Amino acid sequence: MGAAAPHIFGIRHHGPGSARSLRRALEELKPDCLLVEGPSDAEEVLELILHEQMKPPVALLGYVPDAPRQAAYYPFALFSPEWQALRYGLERKISLRFMDLPFAVQLAMDEERRKEEAKAAQTAEGVREKGGEACSVEALDKTAEPHPRQDPLRWLAEAAGYADGERWWEHMVEERRESGELFGAIREALSALRKELPPLEDDKERHREEVREACMRGAIREAQREGFKRIAVVCGAWHAPVLDLEGHAAKDDAALLNGLPTAKVKTTWIPWTYGRLSFSSGYGAGIESPGWYEHLWIHEAQIAEHWLTRVARLLRGEDLNASSAQTIEAVRLADALASLRERPLPGLPEMNEAIQAIFCFGSALPLRLIHEKLIVGEVLGAVPDSTPIVPLQQDLEREQKRLRLPAKASQEVVEFDLRKETDLDRSRLLHRLNLLGVPWGETQRARSKGTFRESWRLQWKPEFAVALIDAARWGNTVREASSARAVDRAANALDLPTLTRLIECVFLCDLPEAAENLMTRLQAVSAVASDVVHLMDALPALADVLRYGNVRQTDAQMVTYVVDGLVARICIGLPVACGSLNDDTAAEMYARIERTHGSITLLEKDEHKTMWKGTLLKLSVLPNLHGLIAGRAVRLLFDSSVMPSEESARRLSLALSVNADPVPAAAWIDGFLRGSGQILIHDERLLQVLDAWVTGLAPDAFIGVLPLVRRTFSTFPSPERRSMGDRLKRGAKPQSLKSEEKTSEDFDVARGEAVLPLVRQLLGLGER
Amino acid sequence: MAEILRAHAEQQFASELKALAKADERQKPPNWKLSPWAVATYLLGGKLESGGTITPKYIGNRRVIEIAVATLATDRALLLLGVPGTAKTWVAEHLAAAVSGDSTLLVQGTAGTAEESVRYGWNYARLLAEGPSRKALVPSPIMHAMQDGKMARIEELTRIPAEVQDALITVLSEKTLQIPELNEQVQAVKGFNIIATANDRDRGVNELSSALKRRFNTVVLPLPEKADEEVEIVRQRVEQLGRALELPGELPALAEIRRVVQIFRELREGKTADGKTKLKSPTSTLSTAEAISVVNSGRALAAHYGEGKLTARDLAAGLTGAVVKDPVQDRVVWQEYLETVVKERDGWKDLYRACREV
């Protein structure tokens with residue numbers, strides 16, 4: 001052929017060491033054509049790399065415009081060798097190309113594969129959860145055990161006794177300073193590694209890898225044909241050995257590339273974060289410590305000194321003691337540790353251990369802060385304004401069109417009837433956007449009664465566009481992004497009330513995937529929550545969901561599990577939590593006990609009921625309990641027929657005995673009777689108990705308790721009081737307690753059933 | 001000579017230390033008997049090229065020992081922290097034995113530890129007869145260590161009163177000990193260092209001043225990482241103790257030990273072994289040592305009052321006692337654990353019922 005042999009640089013994705021040696025090697029070689037591993041149809045947006053607003057970390061995003069869930073990302077950090085290569089190529093204005101499979105083919109292959117998997121899953125085990133929802137990124141995220149091809153250099157480093165591939169590279173390159181030879185050596189090492197490792201078990205994956213490598217070789221041949229003299233090829237080290245054109249016939253490669261599926265795709269740049277860099281993504285290896293790598297990229301020498309000084313400054317900023325003397329000691333200890341382990345340079349593990357022993361006095365807590373702020377780093381990239389629009393925005397526009405809910409800069413109030421499909425979808429969209437930090441709509445108090453009405457005030461502000469781009473890192477559709485955001489917020493929510501609010505929000509947004517995750521989180525948080533009050537606040541919402549919510553079967557199971565745990569914990573912890581309450585907190589606790597009782601009744605589980613009754617019984621005999629709670633506990637027990645009427649009457653007279661302190665006694669009767677005016681009129685038993693007690697009082701005692709009883713009765717509206725008086729005037733029926741029991745025995749089923757059809761009609765349940 | 005109940009580490013493992021010294025060709029810090037590598041090997045165990053085997057003295061995380069040895073090699077003082085029963089003293093003794101060949105320079109920290117035990121005291125008869133002189137001086141273990149370039153040990157550093165602790169500051173930073181009465185000073189010989197231990201559960205006793213804290217590298221000794229490791233430690237100790245106390249009855253079944261260790265670990269870590277359910281942790285330490293005592297007392301109960309075989313009933317009382325140290329909070333934690341975890345677990349019904357009865 002006579003064409004110039006390409007210079008192949010096998011690099012480590014996101015490796016600052018590789019980036020540095022690559023940059024040096026490129027400057028030595030001065031190539032006239034540069035081929036980089038990346039989707040070949042993304043070249044149109046390459047120009048933006050040199051834009052002054054472009055700030056890594058950023059990601060090259062390819063997506064199918066009609067279905068943005070099908071997307072692939074190629075993230076770059078400042079210290080990514082590919083990024084450095086691209087910048088070099090653009091700055092020198094040499095011919096610069098991507099040589100990997102185009103996005104169009106990659107996404108089409110992903111989609112095909114997903115369809116096949118979905119089909120296989122369906123035939124294998126009926127309907128499987130994931131279905132069409134998993135996007136390709138997610139699928140790739142899930143690879144549990146990283147295959148060596150993702151980070152082959154780490155394997156070599158480990159074989160050489162290093163904990164981190166970067167430090168190994170650093171050492172190899174910094175010591176030798178002969179990068180050219182080094183790339184050759186790496187290629188040799190990798191071809192040995194590739195020979196040793198078994199081929200990929202998954203046929204599809206193997207095929208895909210073959211196709212990708214064929215495509216890269218094709219690009220090299222193309223460049224040779226065009227007559228470039230010094231071709232530089234930058235690719236993941238794993239691919240380096242097979243990009244040799246010898247041993248691979250052009251014909252075979254062409255056959256592999258023939259007839260590949262394609263999809264219509266769009267490409268753009270989106271801001272990325274270091275946090276997301278630590279996932280593995282469409283580009284292969286994710287890295288665990290982007291912040292540390294950035295540090296390695298910025299500082300060429302005295303890594304430990306600089307790093308530990310940064311750590312000390314960070315700790316000082318958090319009001320933790322960190323002196324320069326400690327920094328000096330930490331550097332010494334890190335060095336000593338490295339030499340004890342027979343490593344030439346201290347790596348991240350040595351740094352962390354030195355930090356823990358010297359700055360943190362053995363505690364691991366501050367290390368978490370260091371991990372978050374320095375080792376991973378909270379850096380968000382930026383892309384130029386002229387970047388093409390992100391899919392999340394497109395999805396929103398599509399939704400706005402579908403729901404006929406245009407974005408307007410003026411304020412307007414809209415009302416939704418949640419029984420209508422469109423209005424329900426609109427409400428969900430607004431709730432989801434709120435969750436994403438795009439407060440387009442604000443809920444208003446609905447004017448009419450009924451839970452199916454919702455009122456919103458809408459106003460679109462220009463800054464929402466920015467918020468949307470920011471939110472784009474959570475996903476490509478509003479639904480998907482809000483779901484991911486909810487999951488993230490749940491992961492950061494530490495206390496139960498926050499989590500409970502989030503759960504209510506997620507149910508409003510109708511995000512079953514997030515709900516599932518939230519339940520797991522709730523389960524974890526509720527187990528360690530020491531405040532029974534929070535547990536009690538969390539229960540009603542969940543009970544409602546369980547009883548009325550249209551959650552899917554699996555979620556219902558999960559919710560049941562969580563609710564079971566909540567009830568058990570509430571029942572155990574409540575008596576302790578009710579100790580020494582003042583009037584205000586007792587009133588709050590009263591309301592909570594009511595709500596909890598309501599939820600437990602709603603759930604209709606015998607197990608819960610028994611436990612709850614046990615707790616109420618415990619409460620009712622607890623000494624020094626606030627009267628309001630004690631009274632209510634007895635009343636609830638009386639209502640659910642756990643405590644016989646005689647016993648309740650005895651408790652009543654005990655609590656209101658003449659010798660009792662009037663204030664707690666007033667609270668007791670208040671707790672016993674609060675809000676029961678109507679019930680007193682209709683519930684014969686309760687009236688009996690009260691009546692028997694009042695009539696049994698000695699005249700002096702009656703005068704003594706009269707103010708207390710009056711205080712409670714005065715809270716009932718006067719018509720209620722009047723009808724109560726009427727009933728009592730007509731005379732109490734002493735046998736009524738027994739007659740009630742009798743009716744239940746003599747119940748005539750046939751007569752009862754006769755009215756059912758009419759009742760059904762009234763309730764609109766239809767004939768059955 | 002009567003038989004000694006317990007030999008010093010350097011006596012008991014003299015042959016291993018000798019074999020290591022012979023095989024050790026790496027660079028030694030001045031006045032060290034072994035190189036840092038050999039010290040780490042002595043504690044963690046391993047095989048020598050010459051064929052000898054070194055038994056592991058510390059079973060657990062390798063990192064911990066490496067940091068400890070590296071600290072001593074950088075002439076910084078070492079503070080071993082940990083809950084009771086995590087082998088702090090054990091590690092300190094073996095470190096001193098391996099580095100200096102002498103683990104006897106020991107100051108036992110108590111609330112009554114006086115400055116004399118950290119600095120020096122006087123032989124009063126001589127002081128009165130001859131006046132102040134080096135001969136009338138009674139050096140403390142620390143002063144001895146400074147003069148000979150050896151490791152000194154301080155047990156329970158946080159129990160020592162704060163003003164006595166402060167006497168250590170100059171020793172640690174300037175490596176000298178002033179004797180104002182004689183207008184002299186003792187300068188530490190290379191190889192001198194201090195290994196201190198402290199209990200981080202009752203750190204509040206005499207919290208170290210930040211000046212002193214800064215002069216120590218702190219290494220926290222963790223509780224056993226793997227369940228199997230802990231079960232093995234408990235099993236061995238129960239066996240040994242049973243033999244020493246001459247307990248009748250059969251050895252407890254491994255399954256029961258496993259159960260006790262699992263309960264301890266779950267409560268300690270605040271989650272179930274399968275990692276699916278979170279739990280509250282009680283205020284009690286729940287160290288391995290306590291697990292040993294629960295199994296042992298259960299065994300004694302079974303032998304003397306039960307059927308001779310360890311059952312859930314024999315364990316219940318000990319378990320409840322070990323977990324519930326605070327009558328209010330811990331009881332809630334324990335009940336929650338019983339209701340949400342023990343009750344649901346297959347084959348644990350007997351334990352659930354037994355614990356409910358207690």
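Bear in mind that the values here come from a model prediction, so they are computed numbers and not experimental data.

(A) Inspection of the overall build of chain A at higher detail. Along the backbone of chain A there are 35 helices and ten strands. Across the 768 residues in chain A, those meeting the buried criterion constitute 42%.

(B) Structural detail: the overall build of chain B. Helix and strand counts for chain B come out as 17 helices and eleven strands. The burial tally for chain B puts 42% of its 358 residues in the buried class. Of all intrachain contacts in chain B linking residues separated by at least 6 positions in sequence, the fraction that spans at least 24 positions is 70%.

(C) Expanded view of the pairing of strand β7 (residues 266-271) of chain A. Residue and element names in this part refer to chain A. Counting buried positions along β7 yields six of six residues, so the element is predominantly enclosed. Pairing between strand β3 (residues 58-64) and β7: six bridges, direction antiparallel. Of the residues in β7, the one forming a bridge with L61 is T268.

(D) Seen up close, the environment of P39 of chain A. Residues and elements named next belong to chain A. On the secondary structure map, P39 appears in strand β2 (residues 33-39). Measuring from C-alpha to C-alpha, the distance between P39 and A104 comes to 8.7 Å, with 65 residues separating the pair along the chain. If near-sequence neighbours (up to four positions away) are discounted, P39 is found in contact with G62, Y74, F98, D100, L101, P102, F103 and Q106.

(E) Region of the structure containing the interface of chain B and chain A. Of the residues lining the interface, 31 residues belong to chain B; the matching set on chain A comes to 25 residues. Here the side of chain B that touches chain A is composed, by residue class, of 13 nonpolar, nine polar and nine charged.

(F) Representation of unusual backbone geometry in the model. The peptide bond linking P56 of chain A to P57 of chain A adopts the cis configuration, its omega dihedral lying at 5 degrees. Assignment of secondary structure puts P57 of chain A in the loop between β2 and β3. A positive phi angle, near 55 degrees, is found at E156 of chain B, a position not held by glycine. Structurally, the position occupied by E156 of chain B is in the loop between β7 (151-155) and α9 (162-165). Accessibility expressed as a C-beta count within 10 Å gives 21 for E156 of chain B, which makes it buried.

(G) Region of interest: helix α21 (residues 512-528) of chain A. Helix length check: α21 of chain A (17 residues) gives 25 Å between terminal C-alpha atoms against 24 Å at 1.5 Å per residue, within 8%. Within α21 of chain A, the full set of buried residues consists of A514, A515, N517, L518, M519, R521, L522, V525, S526 and A527 of chain A.

(H) Region of the structure containing the confidence of the model for chain B. Of the residues in chain B, 96% have a pLDDT of 70 or more, and the chain-wide mean is 86. Predicted complex, confidence summary: ipTM 0.74, pTM 0.63.

(I) Representation of the packing of helix α13 (residues 324-340) of chain A against helix α4 (residues 62-73) of chain B in the model. Where α13 of chain A contacts α4 of chain B, the axes come no closer than 9 Å and their chain directions differ by 115 degrees. Along this stretch, α13 of chain A crosses α4 of chain B, giving a crossing that reads as right-handed. Mapping the contact onto sequence places L333, A336, L337 and L340 of chain A in α13 of chain A and E66, I67, V69, A70, T71 and A73 of chain B in α4 of chain B. Class assignment for the residues of the contact of α13 of chain A with α4 of chain B results in eight nonpolar, one polar and one charged.

(J) Structural view of the sheet that holds β2 of chain A. Residues and elements named next belong to chain A. Taken together, four strands build an open sheet; the order of strands is β1-β6-β2-β5 and the sheet is parallel. Either end of the sheet is taken by a strand with one partner, and the two such strands are β1 (7-11) and β5 (95-100). Put simply, the sheet's adjacent strands are angled 25 degrees from each other on average, direction ignored. Two strands pair when backbone bridges link them, and β1 and strand β6 (residues 231-236) are joined in this way by five bridges, in the parallel orientation. Bridged to H7 within β6 is A232. The strands that helix α8 (residues 203-225) touches are β2, β5 and β6; relative to β5, the one it contacts most, it runs at about 155 degrees.

(K) Highlighting the sheet that holds strand β10 (residues 453-458) of chain A. Residues and elements named next belong to chain A. The antiparallel open sheet is built from three strands, whose spatial order is β8-β10-β9. Edge positions in the sheet fall to β8 (412-417) and β9 (441-444), since each of these pairs with one other strand and no more. Geometrically, the sheet is characterised by an average inter-axis angle of 35 degrees between neighbouring strands, direction not taken into account. As paired elements, β8 and β10 share six bridges and run antiparallel to each other. Of the residues in β10, the one forming a bridge with E412 is L458.

(L) Looking closely at the environment of T53 of chain B. Note that T53 of chain B resides in strand β2 (residues 53-54). As for T53 of chain B and E16 of chain B, which are separated by 37 residues in sequence, their C-alpha atoms are 7.8 Å apart.

(M) Representation of the nonpolar core. In this structure, L35 and I629 of chain A together with L95 of chain B are the most contacted members of the largest nonpolar core, which totals 289 residues. Here the element with the most residues in this core is helix α23 (residues 553-577) of chain A; it accounts for ten residues.

(N) Local environment of helix α5 (residues 152-159) of chain A. Listed in full, the buried residues belonging to α5 of chain A are P152, L153, R154, L156 and A157 of chain A. Backbone geometry just downstream of α5 of chain A places G161 of chain A in the positive-phi region, at approximately 90 degrees.

(O) Here's a closer look at the packing of α8 of chain A against helix α9 (residues 250-257) of chain A. Residue and element names in this part refer to chain A. At their nearest, the axes of α8 and α9 sit 9 Å apart, and the two run at 125 degrees to each other. One element, α8, and the other, α9, form an angle in the oblique class. The two elements α8 and α9 meet at a crossing, and its hand is left-handed. Taking contact as the criterion, the partners of E210, V211, A214, C215, R217, G218 and R221 in α8 are, on α9, A250, D253, L256 and L257. Residues that form the contact of α8 with α9 fall into these classes: six nonpolar, one polar and four charged.

(P) Fine view of the pairing of β3 of chain A. Here β3 of chain A lies mainly inside the structure; seven of its seven residues are buried. Going residue by residue along β3 of chain A, you find V58, L60, G62 and V64 of chain A tucked away on one face and A59, L61 and Y63 of chain A tucked away on the opposite face as well.

(Q) Seen up close, the confidence of the model for chain A. All names here are of chain A. Here chain A averages 79 in pLDDT, while 86% of its residues score no lower than 70. The lowest-confidence element of chain A is helix α4 (residues 136-141), averaging 36 in pLDDT; the highest-confidence one is helix α12 (residues 303-317), averaging 91. Low pLDDT, under 50, characterises residues 126-145; the stretch is placed with 24 contacts to residues that sit more than four places away or in other chains. Counting interchain partners and residues more than four positions distant, the pLDDT-below-50 stretch residues 734-742 has six contacts.

(R) Structural view of the environment of L48 of chain B. Residues and elements named next belong to chain B. Summarising the element assignment, L48 is placed in the loop between β1 (46-47) and β2. For the pair L48 and D24, spaced 24 residues apart in sequence, the C-alpha to C-alpha distance is 9.4 Å. Those residues in contact with L48 that sit more than four places away from it in its chain are A19, A23 and I54.

Quick notes on the rules
Residues numbered from 1 in each chain as written. Chains lettered and ligands numbered in written order. Predicted model: local features only at pLDDT ≥ 70, side-chain atom pairs only at ≥ 80, totals over all residues. Helix = DSSP H or I, 4+ residues; strand = E, 2+ residues; numbered from the N terminus. Buried ≥ 20, exposed ≤ 12 C-beta atoms within 10 Å, placed from the backbone. Contact = placed C-beta atoms within 7 Å. Pairing = 2+ DSSP bridges. Nonpolar A, V, L, I, M, F, W, Y, C, P; charged D, E, K, R; others polar. Expected span 1.5 Å × (residues − 1). pLDDT = per-residue confidence, 0-100. Axes fitted to C-alpha atoms, helices over the stretch in contact; angles between N-to-C directions. Left-handed = near helix turned anticlockwise from the far one by under 90°. Core = buried A, V, L, I, M, F, W, Y, C linked by C-beta atoms within 7 Å. Parallel < 35°, antiparallel > 145°, perpendicular 65-115°, else oblique.

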